[in-house]
There are 2 protein chains.
Amino acid sequence: MKAVSRIAVALAFAAAGTSTVAYAQMKPEDAIRARQSIMRVIALNFGPVAQMAQGKLPWNKDMFVANALRLEAIWAMQPARFFVPGSDNPVAGAKIASFTDSRPEIWSQADKWKAANDRMGDAVANLAKAAKAGDEAAMKTAAGALGKSCGGCHDDFRKK
Amino acid sequence: MKAVSRIAVALAFAAAGTSTVAYAQMKPEDAIRARQSIMRVIALNFGPVAQMAQGKLPWNKDMFVANALRLEAIWAMQPARFFVPGSDNPVAGAKIASFTDSRPEIWSQADKWKAANDRMGDAVANLAKAAKAGDEAAMKTAAGALGKSCGGCHDDFRKK
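Please read all numbers here as calculations on a predicted model, not as lab measurements.

K.L.:
Would you mind going over the overall build of chain A with me for this structure?
P.N.:
Regarding its fold elements, chain A presents 7 helices and 0 strands. The linear arrangement of helices and strands in chain A, starting from the amino end, is α-α-α-α-α-α-α. Contacts spanning at least 24 positions in sequence make up 70% of the contacts within chain A whose residues lie at least 6 apart. For chain A, the exposed area adds up to about 7,500 Å²; of that, 54% sits on carbon and sulfur atoms.

Printed below as a string of structure tokens:
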């Protein structure tokens with residue numbers, strides 16, 4: 001439970017409104033692992049949504065809605081918080097977080113990166129809103145917009 | 001999008017009721033990465049819940065409820081599905097899934113493992129139910145039960 005406890009403290013502080021300090025205290029390898037895990041779970045949920053929106057998978061409204069709402073819940077974890085100081089490079093000796101694709105511009109162009117992150121948040125919110133409303137065309141449009149917003153960070157702030 | 005597409009197909013087939021076949025077709029390193037990411041996101045959410053239940057963090061009902069419902073949504077991804085054939089050992093050359101703590105008993109004692117997995121599912125459902133009902137004592141009790149259910153798999157089926 002040691003790792004969980006440390007993360008628990010970080011998240012609790014975050015909830016109490018002192019997130020920057022608490023997250024900065026996370027060990028870089030834990031932060032890298034956290035953000036990579038969150039992004040992977042996002043991909044697992046967005047994958048079928050994108051494929052359905054593009055007509056590459058049969059339309060399954062229940063799955064689309066479930067994944068869209070799950071994306072909203074996971075995005076609320078604020079993965080951007082886990083780009084803590086010192087997590088810009090792989091951590092020697094760490095079991096899992098043995099790499100990072102982060103580019104230094106995340107930190108050197110923080111405002112631009114945050115703006116791209118916020119656009120993704122807006123796109124996630126719009127997708128969830130469309131899913132709740134239940135109109136298929138609007139859901140597919142929102143999924144396409146979300147896909148484009150992913151590129152806002154991945155194109156400029158992730159290594160090729 | 002190549003990895004996402006492959007996962008998308010797997011999940012779509014799963015939703016269509018042919019999950020075993022589709023998940024078995026995932027590349028082992030993708031499956032390992034998926035399950036490790038899901039379990040990590042579960043830990044990130046359960047951490048503060050457990051700490052609040054144990055009085056190690058100040059009670060924050062909003063955070064407890066949000067995390068409990070997020071756990072329910074993530075558990076619905078059925079992480080057990082990602083223990084596909086061939087994913088019992090690290091995959092040479094894989095970028096991320098360079099290790100697995102899975103013990104061979106996951107496959108050799110599959111029924112026992114599935115039963116432990118189901119107990120965790122029940123505990124997650126109970127936690128979410130308690131969170132929706134809003135009684136603090138019941139929420140804390142349910143969190144403790146969930147913590148115990150984690151051990152059902154980790155004690156017997158995960159390497160120390």
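K.L.:
Would you explain the pattern of salt bridges in this entry?
P.N.:
Residues and elements named next belong to chain A. Under the defined criterion, the tally for this structure stands at 10 salt bridges over all chains. Note that Glu136 and Lys140 form a salt bridge whose closest N and O atoms lie 2.9 Å from each other. Residue Glu136 and its partner Lys140 are located together in helix H7 (residues 136-157), separated by 4 residues, close to a single helical turn. Note on Lys140: relative accessible area 26%, which makes it partly exposed.

K.L.:
Which parts of the structure should I look at to understand the packing of helix H3 (residues 28-53) of chain A against helix H3 (residues 28-53) of chain B?
P.N.:
For any two helices packed against each other, the geometry comes down to the angle between their axes and how far apart the axes lie. Contact geometry for H3(A) and H3(B): axes closest at 8 Å, N-to-C directions at 115 degrees. For the pair H3(A) and H3(B), the sense of crossing is left-handed. Contacts between H3(A) and H3(B) pair Arg33(A), Ala34(A), Gln36(A), Ser37(A), Ile38(A), Arg40(A), Val41(A) and Leu44(A) from the former with Arg33(B), Ala34(B), Gln36(B), Ser37(B), Ile38(B), Arg40(B), Val41(B) and Leu44(B) from the latter. Split by residue class, the contact of H3(A) with H3(B) holds 8 nonpolar, 4 polar and 4 charged.

K.L.:
How do you make sense of the confidence of the model for chain A when you look at a structure like this?
P.N.:
Predicted coordinates in areas of low pLDDT are best not read in detail. All names here are of chain A. Per-residue pLDDT for chain A has a mean of 87; in total, 84% of the residues score no lower than 70. Taken as a whole, residues 12-20 scores under 50 in pLDDT and shows 12 contacts with residues more than four places along the chain or in a different chain. The ipTM value of the predicted complex is 0.86, and its pTM value is 0.87.

K.L.:
Looking at this structure, how should I read the nonpolar core?
P.N.:
The nonpolar side chains of soluble globular proteins are, as a tendency, buried together. Ranked by size, the top nonpolar core spans 68 residues in total, and within it Leu127(A) and Leu127(B) carry the most contacts. Setting aside residues up to four positions removed in sequence, Leu127(B) forms contacts with Val49(B), Phe64(B), Ala68(B), Leu71(B), Met139(B), Ala142(B), Ala143(B) and Leu146(B). Counting residues in each nonpolar core, the second largest holds 7 residues, with Ala80(B), Phe83(B), Ala116(B) and Phe157(B) among its members.

K.L.:
Is there a simple way to explain the packing of aromatic side chains in this structure?
P.N.:
Within a pair of aromatic rings, the relevant descriptors are the distance that separates the centres and the angle that separates the planes. This structure, assessed with the given rule, holds 6 aromatic pairs over all chains. Three or more aromatic residues joined by ring pairs form one cluster here, namely Phe83(A), Trp107(A) and Trp113(A).

Basis of the calculations
- Residues numbered from 1 in each chain as written.
- Chains lettered and ligands numbered in written order.
- Predicted model: local features only at pLDDT ≥ 70, side-chain atom pairs only at ≥ 80, totals over all residues.
- Heavy atoms only, no water.
- Helix = DSSP H or I, 4+ residues; strand = E, 2+ residues; numbered from the N terminus.
- Contact = heavy atoms within 4.5 Å.
- Areas by Shrake-Rupley, 256 points an atom, 1.4 Å probe, with all protein chains shown as cover.
- Salt bridge = Lys/Arg side-chain N within 4 Å of Asp/Glu carboxyl O.
- Buried < 20%, exposed > 50% of the residue type's maximum accessible area, 1.4 Å probe, protein only.
- Axes fitted to C-alpha atoms, helices over the stretch in contact; angles between N-to-C directions.
- Left-handed = near helix turned anticlockwise from the far one by under 90°.
- Nonpolar A, V, L, I, M, F, W, Y, C, P; charged D, E, K, R; others polar.
- pLDDT = per-residue confidence, 0-100.
- Core = buried A, V, L, I, M, F, W, Y, C linked by side-chain atoms within 4.5 Å.
- Phe/Tyr/Trp six-rings, centres within 6.5 Å; stacked < 30°, edge-to-face > 60°.

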